Amino acid sequence: MATRRVVFRYPRHLIDAPVVSQIARIYNLEFNILRANITPQSEGLMVLGLEGSAEDLDKALTWVQQQGVGVQPLERDVVRNEERCTHCGACVTICPTEALHKKIATQEVCFDSDKCIACELCVPACPPRAMEVAF
Ligand code: SF4
Ligand code: SF4
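Everything numeric in this text was worked out from a predicted model, so none of it was measured.

A. Spatial organisation of the site of ligand 2. Cys95, Cys116, Cys119, Glu120 and Cys122 are the nearest of the 13 residues found near ligand 2. Here the residues of the shell around ligand 2 are counted per class, giving 11 nonpolar, 1 polar and 1 charged.

Below you can see the structure in the form of structure tokens.
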């Protein structure tokens with residue numbers, strides 16, 4: 001058995017498509033939805049753990065792409081070094097899932113790791129390098 005962590009990016013017209021249940025059934029895969037999110041651009045993002053034979057996993061991910069869903073491997077996590085963060089807000093507009101967001105009342109920038117899809121866009125955008133890639 002092999003396992004993979006992947007990000008599925010659903011275009012707007014496929015957000016409700018039962019892609020995950022179909023690959024589980026057709027390719028005999030176990031799946032675990034780790035995070036799911038609709039971005040402000042109405043793109044659907046889902047982080048999944050998949051388990052099955054390596055051959056079935058390859059076939060399933062090829063099939064998913066053929067349906068028009070983007071597939072990106074997720075091999076690393078992004079974490080925030082709280083001591084380095086200055087709450088400058090430079091990352092807030094860059095984050096596609098609002099995992100990084102500003103609390104209006106306090107102007108504090110919060111990091112919600114459950115919404116993070118590890119796209120790494122915030123890593124180079126953070127002036128004090130508070131956003132770090134964890135392997
Ligand atoms: S860009 Fe970096 S320092 Fe600024 S709020 Fe975001 S994580 Fe904190
Ligand atoms: S890696 Fe950074 S920009 Fe990407 S989703 Fe996570 S917190 Fe947002």
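Moving on from the coordinates now.
B. Looking closely at the site of ligand 1. Surrounding ligand 1, one finds 13 residues, the nearest of these being Cys85, Cys88, Gly89, Cys91 and Cys126. Of the residues contributing to the shell around ligand 1, the split by class is 9 nonpolar, 3 polar and 1 charged.

C. Seen up close, the pattern of salt bridges. Taken as a whole, this structure holds 7 salt bridges when the rule is applied. The closest approach of N and O atoms between arginine 4 and aspartate 58, which form a salt bridge, is 3.1 Å. With arginine 4 in strand β1 (residues 2-10) and aspartate 58 in helix α2 (residues 54-66), the pair connects residues that are 54 residues apart, well separated along the chain. Taking the relative accessible area as the measure of exposure, arginine 4 reaches 26% and is therefore partly exposed. Owing to a relative accessible area of 43%, aspartate 58 belongs among the partly exposed residues under this scheme.

D. Local environment of α2. Between its first and last C-alpha, α2 extends 18 Å over 13 residues, near the 18 Å set by a 1.5 Å rise per residue. Considered for burial, the residues of α2 that qualify are Leu57, Ala60, Leu61, Trp63 and Val64. Angular distribution of buried residues about the axis of α2 spans 160°; they occupy a single face of the element. Set apart from the buried face of α2 by more than 90 degrees, the exposed residues are Glu55 and Gln66. Where the residues of α2 are buried, they touch β1, α1 (19-26), β3 (44-52) and β4 (70-73).

So, how was this worked out
- Residues numbered from 1 in each chain as written.
- Chains lettered and ligands numbered in written order.
- Predicted model: local features only at pLDDT ≥ 70, side-chain atom pairs only at ≥ 80, totals over all residues.
- Heavy atoms only, no water.
- Near = heavy atom within 4 Å.
- Nonpolar A, V, L, I, M, F, W, Y, C, P; charged D, E, K, R; others polar.
- Salt bridge = Lys/Arg side-chain N within 4 Å of Asp/Glu carboxyl O.
- Helix = DSSP H or I, 4+ residues; strand = E, 2+ residues; numbered from the N terminus.
- Buried < 20%, exposed > 50% of the residue type's maximum accessible area, 1.4 Å probe, protein only.
- Expected span 1.5 Å × (residues − 1).
- Arc of directions from axis to C-beta.
- Contact = heavy atoms within 4.5 Å.

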